[in-house]
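Residues per chain are reported as follows:
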Amino acid sequence: MSRALAAPSLAFQRGILGAVLLAACWEGAARGLHLPAYVLPAVSDILVGLWSKRTILFDAAGYTLLEALTGYGLGCLIGIGLAVAIALAPALRTAILPLATAINSVPVVGYSPLILLWFGIGVSSKIVMVAMAVSFTILLSMLAGLDRVDRRAVDLMKSFGASRLGVLWRLRLPTALPLLLAGMRVSTVRSVIVAIVTEMLGAHGGLGWVIYQAVLQIDFVQVWSAIFVASAASLAFFGLVGLLERKILFWT
């Protein structure tokens, strides 16, 4: 148990050290080479800009996180639901998987004009876009986990009279849990990215909208400030799901 607690702590310390070294190199390069703000502003200038516009940026971050979290939850439900349906009725695999693959063969941003037209430029369109991006990843992760079960264990349970639903609940779902949680962890960052990119194409608020407006105003320090806030939000979301994964899979 002590080793399990020490490993995340050590990784966190290394991450902080790496971030500090990167910031120092960034600051030195920007100051030493006298780079203009549109090329690469200094970290200190970005932090000053972040503090001066903190109210706008934090409100925008809340707007974006609302879209990302809601779409993420909806996408997880859709992906898990489809995977469970395939596990219970294998004939559905030939219908669901090709359709899901075809839809996701096009970058999610490619659907933005249609989604914005159908759902408007409010929160709903961003939620739909995030759900589309997340559901496919969760579907594949869940299916891979459900398919990795030992067939001999399935046959043994059936020989004792277990139904297909009983096998799913008692054997296949616990087996699929590590891959499902890994897919959920990976999807956290993707959900924030999709929300921000969609906001750039049309929105009433959010970090993507702030970035787009800052570019129009040629305020590249604010662009980087919004990027810093978006990175912090993504890391926090990623870390939260990672912590949940370690709590659930405590035996790994």
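Residues numbered from 1 in each chain as written. Predicted model: local features only at pLDDT ≥ 70, side-chain atom pairs only at ≥ 80, totals over all residues. Heavy atoms only, no water.

Chemist: Report on the overall build of the chain, specifying residues and quantitative values.
Modeler: Along its length, the chain carries 10 helices and 0 strands. Ordering the α and β elements of the chain from the N terminus gives α-α-α-α-α-α-α-α-α-α. In terms of its C-alpha atoms, the chain occupies a principal-axis envelope of roughly 75 × 50 × 30 Å. The 252 residues of the chain split such that 37% are buried. Surface accessibility of the chain: about 14,100 Å² in total, with carbon and sulfur atoms responsible for 73%. A distance of 12 Å separates the average location of the 18 positive side-chain charges in the chain from that of its 10 negative side-chain charges. (Helix = DSSP H or I, 4+ residues; strand = E, 2+ residues; numbered from the N terminus. Buried < 20%, exposed > 50% of the residue type's maximum accessible area, 1.4 Å probe, protein only. Areas by Shrake-Rupley, 256 points an atom, 1.4 Å probe, with all protein chains shown as cover. Lys, Arg positive; Asp, Glu negative; His and termini not counted. Charge placed at Lys NZ, Arg CZ, Asp CG, Glu CD.)

Chemist: Describe the nonpolar core, listing the residues and the values that go with them.
Modeler: By size, the foremost hydrophobic cluster in this structure holds 46 residues, and its most contacted members are Tyr 72, Leu 139, Met 142, Leu 146, Met 184 and Leu 207. Sorting the residues of this core by element identifies helix H3 (54-88), helix H4 (93-104), helix H6 (123-147), helix H8 (164-201), helix H9 (207-216) and helix H10 (220-248) as the ones contributing at least two each. Among residues more than four places away in sequence, those in contact with Met 184 are Tyr 72, Cys 76, Ile 138 and Val 241. (Core = buried A, V, L, I, M, F, W, Y, C linked by side-chain atoms within 4.5 Å. Contact = heavy atoms within 4.5 Å.)

Chemist: I'd like a description of the side chain of Ser 112, backed by residues and values.
Modeler: On the secondary structure map, Ser 112 appears in helix H5 (residues 112-119). Owing to a relative accessible area of 1%, Ser 112 belongs among the buried residues under this scheme.

Chemist: How would you explain the UniProt feature "transmembrane region" (unreviewed entry) in the chain if you had to name every residue and give the values?
Modeler: UniProt records the feature "transmembrane region" (unreviewed entry) at residues 68-89, 96-121, 127-146, 192-212 and 224-244, using the numbering of this structure. Taken as a whole, residues 68-89 contains 95% helix and 0% strand, while its terminal C-alpha atoms sit 31 Å from one another. Within residues 96-121, the helical portion is 65% and the strand portion 0%, while the C-alpha atoms at the span's ends are 29 Å from each other. (UniProt positions renumbered as here; feature names shortened; annotations may be inferred.)

Chemist: How would you explain H4 if you had to name every residue and give the values?
Modeler: End to end, H4 covers 16 Å across 12 residues, agreeing with the expected 16 Å (1.5 Å per residue, within 8%). All of the buried residues along H4 are Ile 96, Leu 97 and Ala 100. Along the long axis of H4, the arc covered by the buried residues comes to 90°, so they all point the same way. Among the exposed residues of H4, those pointing more than 90 degrees away from its buried face are Thr 94 and Leu 99. (Expected span 1.5 Å × (residues − 1). Arc of directions from axis to C-beta.)

Chemist: Residue-level account of the packing of H3 against H9, with values.
Modeler: For the pair H3 and H9, the least separation of the axes is 7 Å and the interaxial angle reads 135°. One element, H3, and the other, H9, form an angle in the oblique class. Of the residues in H9, those in contact with Ile 56, Leu 57, Ala 60, Ala 61 and Thr 64 of H3 are Leu 207, Gly 208 and Val 210. For the contact of H3 with H9, the per-class residue count stands at 6 nonpolar, 2 polar and no charged. (Axes fitted to C-alpha atoms, helices over the stretch in contact; angles between N-to-C directions. Parallel < 35°, antiparallel > 145°, perpendicular 65-115°, else oblique. Nonpolar A, V, L, I, M, F, W, Y, C, P; charged D, E, K, R; others polar.)

Chemist: Residue-level account of the packing of aromatic side chains, with values.
Modeler: What the rule picks out here adds up to 3 aromatic pairs. On the numbers, 5.1 Å between centres and 75° between planes, the contact of Trp 26 with Trp 224 is edge-to-face. On the criterion of sequence distance, the pair formed by Trp 26 in helix H1 (residues 2-32) and Trp 224 in helix H10 is long-range, its members being 198 residues apart. We classify Trp 26 as buried; its relative accessible area is 16%. Ring centres 5.7 Å apart and planes at 75° place the aromatic pair Trp 26 and Phe 228 in the edge-to-face group. Placement of the pair is Trp 26 in helix H1 and Phe 228 in helix H10, with a sequence separation of 202 residues. The class for Phe 228 is partly exposed, based on a relative accessible area of 23%. Among the aromatic residues, ring-to-ring pairing joins Trp 26, Trp 224 and Phe 228 into one connected group. A cation over a ring is seen here: Arg 54 above Trp 51, with NZ or CZ 4.0 Å from the ring centre. (Phe/Tyr/Trp six-rings, centres within 6.5 Å; stacked < 30°, edge-to-face > 60°. Lys NZ or Arg CZ within 6 Å of the ring centre and 35° of its normal.)

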